[in-house]
Amino acid sequence: MHRPLVIANWKMNTSLADASILASQIKSVADQLEVDIVLCPPFVWLYPVAEIIYPSNGFKPKNLKLGAQNMWFLPKGPITGEVSPAMLKGLAEYVLVGHSERRFYFHETDALINDKLKAALEFGLKPVLCVGELKKNSSEKSGRKRSATGEMDIVKQLEEAIYGVEKEDIEKVVLVYEPVWAISLGTAASRNAADGGYANFMIEKLREVLSKKYGRAVAERVKILYGGSVDEDNVKEFIYQPEIDGVLVGGASLKYKEFIKICREAVGRE
Ligand code: PGA
């Protein structure tokens, strides 16, 4: 079983002051938690947050890392407004790829996501690849047999995103099953998480894809997380599932106390 991984996706939230306070608070307790934590602040706060969590002379908790929320796939060039993997290298260790908000607002295709994922690997960044079906199949109840269309969607997204990725690289990828219908609008009232059994079942399907392509042993070493409306109350539902290696947290990662409760709960899984 993997050491649990908890990724905080701050999305387009926080002022510089908020980001600095949140990062300092999380840093102050991180090394007491037996869990790996990745903070993904907005681009403009990557550097200030890096200075807080990785100061050149000072304490750096080993289990607290930085991630970017996006990148372009070319190392440099005339791409106005974008950031390259070469720029992120040495600053962040992880980068989100294929988040549904990027797919939706910026029309990112599976082919582009594949280019980004390979570019991240080439530059030594760990891609956090998000896949998820758009719609909830409400006629299908709890249990293992459901959402055939959802399954097809996520299998296709995964296969296309990892096209051409070699066996030795796949373990550097963190995969996230994030059903689009379960993602909140950032507020507690808009949370609508999947149920744990369902998420576990879908993650099993993703692991089968990896297993067919790279072999069972390799597939088991790939971390697969659940994301979508995770909070302090429902995190238990996901973290104790056998296939789920951690969580990607959006809205609830913006509140220090709630985020730390989620991390503490994840520790209990080990
Ligand atoms: P949420 O966001 O936890 O607010 O649903 C998760 C995500 O989109 O990464």
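Residues numbered from 1 in each chain as written. Predicted model: local features only at pLDDT ≥ 70, side-chain atom pairs only at ≥ 80, totals over all residues. Heavy atoms only, no water.

Under the definition given, this model contains 6 aromatic pairs. Between Trp-72 and Phe-73 the ring centres are 5.1 Å apart and the planes differ by 40°, which places this aromatic pair in the tilted class. Geometrically, the ring pair formed by Phe-104 and Tyr-105 is edge-to-face, given 5.0 Å between the ring centres and 75° between the ring planes. Residues Phe-104 and Tyr-105 agree in their burial class; the two are exposed. A network of ring pairs unites the aromatic residues Tyr-177, Trp-181, Tyr-198, Tyr-226 and Phe-238 as a single cluster. Directly above the aromatic system of Phe-106 lies the positively charged group of Arg-102, at a separation of 3.9 Å from the ring centroid. (Phe/Tyr/Trp six-rings, centres within 6.5 Å; stacked < 30°, edge-to-face > 60°. Buried < 20%, exposed > 50% of the residue type's maximum accessible area, 1.4 Å probe, protein only. Lys NZ or Arg CZ within 6 Å of the ring centre and 35° of its normal.)

This part covers the side chain of Ser-229. In this structure, Ser-229 sits in the loop between strand 7 (224-227) and helix 10 (235-239). There is a polar contact of 2.8 Å between the side chain of Ser-229 and the backbone nitrogen of Asn-192. Once residues within four sequence positions are removed from consideration, Ser-229 is found in contact with Ala-182, Ile-183, Ser-184, Ser-190, Arg-191, Asn-192, Ala-193 and Asn-234. (Helix = DSSP H or I, 4+ residues; strand = E, 2+ residues; numbered from the N terminus. Polar contact = N/O pair within 3.5 Å; in protein donor to acceptor, adjacent residues only side chain to side chain. Contact = heavy atoms within 4.5 Å.)

On to the pairing of strand 3 (residues 64-68), then. Counted residue by residue, strand 3 has 4 buried out of 5 residues, so it is predominantly covered. Both strand 2 (residues 36-40) and strand 3 contribute to a ladder of 3 bridges, which runs parallel. Across the sheet, residue Leu-39 finds its bridge partner in strand 3, namely Leu-66. Of the crossover connections in this fold, the one passing from strand 2 over helix 2 (residues 46-53) to the parallel strand 3 is right-handed. Both strand 3 and strand 4 (residues 94-97) contribute to a ladder of 2 bridges, which runs parallel. Paired with Ala-68 across the two strands is Val-95, which belongs to strand 4. (Pairing = 2+ DSSP bridges. Right-handed = clockwise from strand over helix to strand, strands pointing away.)

Moving on, we get to the environment of Leu-225. Inspection of the secondary structure puts Leu-225 in strand 7. Residue class for Leu-225 comes out buried when judged on its relative accessible area of 0%. Between the alpha carbons of Leu-225 and Ile-7 there is a distance of 9.1 Å; along the sequence they are 218 residues apart. For Leu-225, the contacting residues outside a window of four places in its chain are Leu-5, Ile-7, Val-174, Leu-175, Val-176, Tyr-177, Ile-203, Asp-245, Gly-246, Val-247 and Leu-248.

Further remarks concern unusual backbone geometry. The phi angle at Lys-11 is positive, at roughly 50°, despite the residue not being glycine. One non-glycine residue, Ser-229, lies in the positive phi region at around 60°.

This part covers the pattern of salt bridges. This structure, assessed with the given rule, holds 20 salt bridges. Residue Glu-108 pairs with Arg-102 through a salt bridge whose shortest N-O separation is 3.0 Å. Of the two residues examined, Glu-108 and Arg-102, each falls in the buried class. The closest approach of N and O atoms between Asp-110 and Arg-103, which form a salt bridge, is 2.8 Å. With respect to burial, Asp-110 and Arg-103 carry one shared label: buried. Here the residues in one salt-bridge network are Arg-3, Glu-34, Asp-36 and Lys-223, joined through shared partners. (Salt bridge = Lys/Arg side-chain N within 4 Å of Asp/Glu carboxyl O.)

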